[in-house]
Amino acid sequence: MKHRLLLVEDNEMIVKGLKYTLEQENFEVDVAKRINDAEDMLDTVTDYDLVILDITLPDGNGFDLCKYIKNEKELPVIFLTAKDDEKDVVLGFDLGADDYVIKPFRNRELISRIHNVLRRYNKDKDEIVHGNIRIDLEEKRVYVSENEIIFTALEYKILVLLYSNIGKTITRDKILDKIWDIAGNFVNDNTLTVYIKRIRAKLRRRR
């Protein structure tokens, strides 16, 4: 499932870079540079999954737009702003924002936060999408550029664990703690290395 986002941001450089990054992650991204434009798009488009919202905009205040979204649309909102005063952060959350990210920001961290918010709204629970890789969690199938790749049960389990934590640091010890083979035996470090090599090889062949 491809998620559709509305990015409300008037900085052209941020819009260009972030839109490209999000589209590489298989998001569909619409852009509004003014509050009035954003409201028109929200009234016209019915399938937005999340709004990324700056606070300082040419025709008004992003806080007011957040209040409108929460009252009228019930969509998740992530503030993306340079306003880092505690009172602004608190006000953002008081208005119902689901996350508050300070500029300058790291793309991978923002993408991780987007997925976390979507999961909380049950909009991101059936699949994991990263670039041209799609993991169907319901059917337990993996696709690269829509070509299915066959993984063993344990390879699939490791793959889902890794792709569920993109943007986070996940140690080998943590992976080992989560992974057991099909017979219920603990997987050691050397065996994990072999499995990860196999996973990478299978993904690489289909790219």
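A brief structural summary. All figures in this text were calculated on a predicted structure; none of them were measured in a lab.

1. Describing unusual backbone geometry
- For the peptide bond that leads from lysine 103 to proline 104, omega is -5°, which places it in the cis range.
- Locating proline 104 in the fold gives a position in the loop between β7 (99-102) and α5 (107-120).
- You will see that glutamate 74, though not glycine, has its phi angle at about 55°, which is positive.
- Residue placement: glutamate 74 occurs in the loop between α3 (62-72) and β6 (77-81).
- Of note, glutamate 146 is a non-glycine position whose phi angle comes to about 70°, a positive value.
- As for its position among the elements, glutamate 146 is in the loop between β10 (141-144) and β11 (147-149).

2. Quick word on the side chain of arginine 4
- Looking at the element boundaries, arginine 4 is found in strand β1 (residues 4-8).
- Within polar-contact distance, the side chain of arginine 4 engages the side chain of aspartate 30 at 2.8 Å.
- In contact with arginine 4, other than residues within four places in its own chain, are Glu28, Asp30, Val45, Asp47, Tyr48, Asp49 and Leu50.

3. A closer look at the sheet that holds β6
- Spatially, five strands are ordered β2-β1-β3-β6-β7 in an open sheet, and the strand pairing comes out parallel. Bordering the open sheet on either side are β2 (28-32) and β7, each of which pairs with just one other strand. Adjacent strand axes in the sheet meet at a mean angle of 20°, parallel and antiparallel pairs treated alike.
- One ladder, built from three bridges, connects strand β3 (residues 50-53) with β6; its direction is parallel. Residue valine 51 lies in a different strand from β6, and its bridge partner there is valine 77.
- Strands β1, β3 and β6 of the sheet are contacted by α3, whose axis makes an angle of about 175° with β6.

4. Concerning the sheet that holds strand β8 (residues 127-130)
- Reading across the sheet, the four strands line up as β8-β9-β10-β11 and stay open at both edges, with antiparallel pairing between neighbours. Looking along the sheet, the strands with just one partner apiece sit at the ends: β8 and β11. When the angles between neighbouring strand axes are averaged without regard to direction, this sheet yields 25°.
- Bridging between β10 and β11 involves three bridges; their strand directions are antiparallel. Bridge pairing in β11 links valine 144 to asparagine 147.
- Most of the contacts of helix α6 (residues 153-163) go to strand β9 (residues 133-136), to which it runs at about 115°, and overall it touches β8, β9 and β10.

The rules behind each value
Residues numbered from 1 in each chain as written. Predicted model: local features only at pLDDT ≥ 70, side-chain atom pairs only at ≥ 80, totals over all residues. Heavy atoms only, no water. Helix = DSSP H or I, 4+ residues; strand = E, 2+ residues; numbered from the N terminus. Polar contact = N/O pair within 3.5 Å; in protein donor to acceptor, adjacent residues only side chain to side chain. Contact = heavy atoms within 4.5 Å. Pairing = 2+ DSSP bridges. Axes fitted to C-alpha atoms, helices over the stretch in contact; angles between N-to-C directions.

Everything listed is a geometric property; what it means functionally is a separate question.
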